[in-house]
Amino acid sequence: MTDQELIRREALQKLRELGIDPYPAEAFDVTAFAADIAANYREEVLEDGTKNRLNYQDVCLAGRIMAVREAGKALFMNLQDSSGRIQLYVRRDEFVYGDDATFFDVVIKKLLDLGDYIGVRGFAFKTRTGEVTVHVRHLKLLSKSLRPLPVVKRDAEGHIYDAFTDPELRHRMRYVDLTVNPEYRQIFIKRSKMIRTMRAYLDELGLLEVETPILQPVYGGALARPFITHHHALDMPLYLRISNELYLKRLIVAGFDGVYEFAKVFRNEGIDRTHNPEFTLMEFYVAYKDYHWLMGVTEQMLERVARALSDDGGPIIPYGEHQLNFAGPYTRFTMAEAIQKYTGLDIETASERHLRAYCDQHNIETDPSMGTAQLLDEIFSEKVEKHLIQPTFILDYPLEMSPLTKKHRSKPGLVERFELYINGKEVANAYSELNDPLDQRQRFEEQRRWAERGDEEAMATDEDFLRALEYGMPPTAGIGFGIDRLAMLFTGQTTIQEVLFFPQMRPEGQRKDAPAAFE
RNA sequence: GAUCCCGUAGCUCAGGCGGUAGAGCACUUGACUUUUAAUCAAGGUGUCAUGGGUUCGAGUCCCAUCGGGAUCACCA
């Protein structure tokens, strides 16, 4: 234990000896917040020069002590609550009981530390320098902090000194991060508002919010390696879902016209600045619609989110050097048009050999097992994606890579699928859903052949899903959004870790400040 | 998975060609009844990520391991 931690434990003991409970049980009724007082406190100067304080003359607030400035027989503190910070003014005179000044001289001056939670009651005023301050009449310790927080200081111009910046510590101890770097709270508040806005929009569309299994006997709906677990009572393997798609479609079969789910999904793959092993996928499915309808709905929903999150209520969100404009309609390119535009290749006429030659010429890695569809996909990711900064729909993909998508109504070899790209990244994937059970069975067969050739991510045949389709699924449009990547766009972040409260990290191991997992 | 960079006090960091560790803030003691990155005076702080090696001597050089970051690969 460090010296500072020992000193705090001693202070805790002394408080108890003085009859002060460092962790009192009773509620403390908060009647005001720091930011409100700072923003709305008013006073008037009367003709005789005296000041008349107009509001916040009896307030209770609670929060952490984030700074203390002692000034002889008085002291100033900065109190931080969920809304922000406000200065407190504490005078010794008001905490002397008879001749006993212990409460001020010992409890307040010696035994309180930065990071402690206190509750105070008093009145607002302005100091000589004009800072709105709460003059404290009563002070109560609400919770003692036993570890020193990193002390981040800010000057009047807003410059930050000794910032707590180590990403490892910030992510491992998000509670410390958000305490001393409160500006990061805005990211999570915006993320929450984004989800709330999407939910409200989908509710207005008349969709039903549902919950589907996270533990699945057969994983499907996406192409990815799953996490595997085991159910003891049933003595069977279960998979953490990589997608909720097949369950949502079962609910369309069941007769719901539209369903949606914000779903944590799990993929057993690498961790980097755009991938976390668990992430949030939001999918929705609507009966009797097609992928064209979905494009319009997507535009409306994202424009509404942008307006909810932008500073001025407009549809434009700054991201790095770009101004992303979420007002529809978005540019629509077929995959063929996009490739033609950015590479000059005409994929209607280009043979597999042509495509391979193009890849070799442009240093795009290929392997001999790749067919036309995979080559196109490679070319697309290397040459096209990075140009798609403003929201852009890319539509009509090759059949081979879309085992759950309906064949195109007029273009042989293609499917009715689109992906939404923003800032060069895919953020949504949508189709007119395949509802022909016989076709679906064939597609699963094809996946099985991939699996037999060693493709670990090929989709397993889900017999119960096929049975559902055989009972009949209406024509349906469905879409999935990567919520974390959308949150990154809407909050200006470049790593997924910054939009997750608790990103996955390796265990701390031998770190000296690590809490012991077991006695 | 590959490559490169990083890991020194509670936090942010400095430690030249190898000679046994420093600053600011935090902390401790004292002064100050409107301070605000408070100020002033005095004083502590550390398994230099971990384990080996080279050396008379390692924070420093070498190797391995752990953790983090960046780039790349993977994510059809």
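Going by the structure above, here's the rest.
Here we summarise the structure given alongside this text. (Residues numbered from 1 in each chain as written. Chains lettered and ligands numbered in written order. Predicted model: local features only at pLDDT ≥ 70, side-chain atom pairs only at ≥ 80, totals over all residues. Heavy atoms only, no water.)

### Brief notes about the environment of I160
Line of reasoning, step 1. Tracing the backbone shows I160 in strand β9 (residues 160-161).
Line of reasoning, step 2. For I160, a relative accessible area of 41% corresponds to the partly exposed category. (Helix = DSSP H or I, 4+ residues; strand = E, 2+ residues; numbered from the N terminus. Buried < 20%, exposed > 50% of the residue type's maximum accessible area, 1.4 Å probe, protein only.)

### A closer look at the sheet that holds strand β11 (residues 215-216)
Line of reasoning, step 1. As summarised here, the arrangement of the three strands in space is β11-β13-β12, forming an open sheet in which the pairing is antiparallel. Edge positions in the sheet fall to β11 and β12 (228-231), since each of these pairs with one other strand and no more.
Line of reasoning, step 2. As paired elements, β11 and strand β13 (residues 236-240) share two bridges and run antiparallel to each other. Paired with Q216 across the bridge in β13 is Y239. (Pairing = 2+ DSSP bridges.)

### Examining the protein's contact with RNA strand B
Line of reasoning, step 1. Not every one of the 53 residues close to RNA strand B is listed here, only the nearest: D93, T129, E168, L223 and H275.
Line of reasoning, step 2. Counted by atom, the contact set of RNA strand B within 4 Å of the protein is 57% sugar and phosphate.
Line of reasoning, step 3. Between a base nitrogen of RNA strand B and a side-chain N or O atom of Q4, the distance comes to 3.0 Å.
Line of reasoning, step 4. Here a phosphate oxygen of RNA strand B sits 3.0 Å away from a polar atom, N or O, in the main chain of R506.
Line of reasoning, step 5. A per-class count over the surface near RNA strand B returns 19 nonpolar, 11 polar and 23 charged. (Near = heavy atom within 4 Å. Polar contact = N/O pair within 3.5 Å; in protein donor to acceptor, adjacent residues only side chain to side chain. Nonpolar A, V, L, I, M, F, W, Y, C, P; charged D, E, K, R; others polar.)

### Overview of the sheet that holds strand β18 (residues 331-334)
Strand-to-strand pairing in sheets goes through backbone hydrogen bonds, with the strands running parallel or antiparallel.
Line of reasoning, step 1. If you walk across this open sheet you meet the eight strands as β10-β14-β15-β22-β21-β20-β19-β18, and the pairing is mixed. Each edge of the open sheet carries a strand with a single partner, namely β10 (208-209) and β18.
Line of reasoning, step 2. Relative to strand β14 (residues 258-266), β10 is paired through two bridges, and the arrangement is parallel. Residue pairing for β14: E209 is matched across the bridge by Y260.
Line of reasoning, step 3. The strands touched by helix α14 (residues 483-491) are β14, β15 (278-287), β20 (414-422), β21 (425-432) and β22 (476-482); relative to β22, the strand with the most contacts, the crossing angle is about 60°. (Contact = heavy atoms within 4.5 Å. Axes fitted to C-alpha atoms, helices over the stretch in contact; angles between N-to-C directions.)

### A short note on the pattern of salt bridges
Line of reasoning, step 1. Evaluated as defined, the whole model comprises 40 salt bridges.
Line of reasoning, step 2. The shortest N-O distance in the salt bridge between D464 and R467 comes to 2.8 Å. In this pair, D464 and R467 both sit in helix α13 (residues 463-471), three residues apart, roughly one turn of the helix.
Line of reasoning, step 3. Overall, the relative accessible area of 33% leaves D464 in the partly exposed class.
Line of reasoning, step 4. Take R467: its relative accessible area is 48%, and that puts it in the partly exposed class.
Line of reasoning, step 5. Because the salt bridges share partners, they merge into one network encompassing R91, D93, E94 and R137. (Salt bridge = Lys/Arg side-chain N within 4 Å of Asp/Glu carboxyl O.)

### A word on the nonpolar core
Line of reasoning, step 1. Core analysis: the biggest nonpolar cluster contains 49 residues, and M194, M198, F284 and F481 have the highest contact counts within it.
Line of reasoning, step 2. When residues in this core are grouped by element, the largest group, nine residues, is from helix α8 (residues 291-309).
Line of reasoning, step 3. In this structure F481 touches M198, T280, L281, M282, F284, T298, M301, L302, V427, A428 and L486, once residues within four positions along its chain are discounted. (Core = buried A, V, L, I, M, F, W, Y, C linked by side-chain atoms within 4.5 Å.)

### Concerning helix α3 (residues 102-111)
Line of reasoning, step 1. Residues of α3 that are buried: F103, F104, V107, I108 and L111. Down the axis of α3, the buried side of the element spans an arc of 150°, and every buried residue falls inside it. (Arc of directions from axis to C-beta.)

### Section: the side chain of T334
Line of reasoning, step 1. When you line up the elements, T334 lands in strand β18.
Line of reasoning, step 2. Judged by its relative accessible area of 15%, T334 falls in the buried class.
Line of reasoning, step 3. Apart from the residues lying within four places of it in its own chain, the contact partners of T334 are I394, L395, D396 and K411.

### Quick notes on the packing of aromatic side chains
Here the distance between the centres and the angle between the planes together describe a pair of aromatic rings.
Line of reasoning, step 1. Tallied over the full model, the rule gives 15 aromatic pairs.
Line of reasoning, step 2. Measuring from ring centre to ring centre gives 6.3 Å for F123 and F125, while their planes differ by 55°; the resulting arrangement is tilted. In this pair, the class of F123 matches that of F125, namely buried.
Line of reasoning, step 3. Among the aromatic residues, those joined into a ring-pair cluster are F76, Y89, F123 and F125. (Phe/Tyr/Trp six-rings, centres within 6.5 Å; stacked < 30°, edge-to-face > 60°.)

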